Amino acid sequence: GGTGTVVQVLDADGEAVEGAQYTVVIFGDVNGDGAVDASDATLSKRNSIGTYTLTDSFVVAGDVNADNTCDASDATLSKRSSIGTYTISVNPYAN
């Protein structure tokens, strides 16, 4: 799974731990397939011009430059990542 996948923590008996559910975010993966490729760059670009709307964890994943918005600059970085000329940080907010 990619961005948007929900992970539930289980205890030793295989029971769900209350309040221990997390949503996966892979920076750059705005379509949830677990990879960053040209389709992600396209969706990010469409989001930046208003012809597509990213929501929830997908808009977080789209903010690859950590400026708190998913815009054309993020789409450019996603495209560069898809062709191997840019590496998206595992956590761009950590810098």
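Just above sits the structure.
Here the structure is a predicted model, which means the values were calculated and not measured.

J.: Sorry if this is basic, but what is going on with the environment of Asp 63 here?
T.: When you line up the elements, Asp 63 lands in the loop between helix 2 (56-62) and helix 3 (72-82). By relative accessible area, which is 2% here, Asp 63 ends up buried. Taking the C-alpha atoms as reference points, Asp 63 and Thr 51, separated by 12 residues in sequence, lie 17 Å from one another. Other than its neighbours up to four places away in sequence, Asp 63 contacts Phe 27, Asn 68, Thr 69, Cys 70, Asp 74, Pro 92 and Tyr 93. Polar side-chain contacts of Asp 63 include one of 3.2 Å to the backbone nitrogen of Ala 66.

J.: Looking at this structure, I do not really get helix 1 (residues 38-49). What am I missing?
T.: Each α-helix winds once per 3.6 residues, and so residues spaced three or four apart point in a common direction. Over its 12 residues, helix 1 runs 17 Å from end to end, which matches the ideal 16 Å to within 8%, given 1.5 Å per residue. Listed in full, the buried residues belonging to helix 1 are Asp 40, Ala 41, Leu 43, Ser 44 and Asn 47. For helix 1, the arc enclosing every buried residue in end-on projection is 165°, short of the 170-degree limit, so these residues lie on one face. In this structure, the buried side of helix 1 is in contact with helix 3. Gly 50 occupies a position one or two residues after helix 1 and carries a positive phi of about 90°.

J.: Is there a simple way to explain unusual backbone geometry in this structure?
T.: Peptide bonds are mostly trans, and most non-glycine residues show a negative phi. In the Ramachandran plot, Asp 56 falls in the positive-phi region, its phi being about 50° despite a non-glycine side chain. Checked against the element boundaries, Asp 56 lands in helix 2. Positive phi, normally seen in glycine, also occurs at Asn 68, with a value near 65°. By the element assignment, Asn 68 lies in the loop between helix 2 and helix 3.

J.: What exactly am I supposed to notice about the pairing of strand 1 (residues 6-10) here?
T.: In the case of a regular strand, side chains alternate between the two sheet surfaces. For strand 1 and strand 2 (residues 16-23), the ladder comprises four bridges, and the chain directions are antiparallel. Bridging across to strand 2, Gln 8 finds its partner in Gln 21. If you look at the hairpin formed by strand 1 and strand 2, you'll find five residues sitting between the two strands, and Gly 14 has a positive phi there, around 85°.

J.: Whenever I open this one, a nonpolar patch on the surface confuses me. Can you help?
T.: Nonpolar side chains collect at one region of the surface, where Val 7, Val 9, Val 17 and Tyr 22 lie side by side and expose about 310 Å² of accessible area between them. When contributions to the nonpolar patch are tallied by element, the ones reaching two or more residues are strand 1 and strand 2. Structurally, the position occupied by Val 17 is in strand 2.

J.: Even after reading the chapter, I still don't get helix 3, so can you show me in this structure?
T.: What helix 3 keeps buried is the set Asp 74, Ala 75, Leu 77, Ser 78 and Ser 81. Within helix 3, the buried residues cover an arc of 165° as seen down the axis, which keeps them to one side. Contacts from the buried residues of helix 3 go to helix 1 and helix 2. Residue Gly 84 follows helix 3 closely and has a positive phi angle near 85°.

What counts and what doesn't
Residues numbered from 1 in each chain as written. Predicted model: local features only at pLDDT ≥ 70, side-chain atom pairs only at ≥ 80, totals over all residues. Heavy atoms only, no water. Helix = DSSP H or I, 4+ residues; strand = E, 2+ residues; numbered from the N terminus. Buried < 20%, exposed > 50% of the residue type's maximum accessible area, 1.4 Å probe, protein only. Contact = heavy atoms within 4.5 Å. Polar contact = N/O pair within 3.5 Å; in protein donor to acceptor, adjacent residues only side chain to side chain. Expected span 1.5 Å × (residues − 1). Arc of directions from axis to C-beta. Pairing = 2+ DSSP bridges. Patch = residues over 30% accessible without salt bridge, like charges linked within 9 Å, V, L, I, M, F, W, Y side chains within 5 Å. Areas by Shrake-Rupley, 256 points an atom, 1.4 Å probe, with all protein chains shown as cover. Salt bridge = Lys/Arg side-chain N within 4 Å of Asp/Glu carboxyl O.

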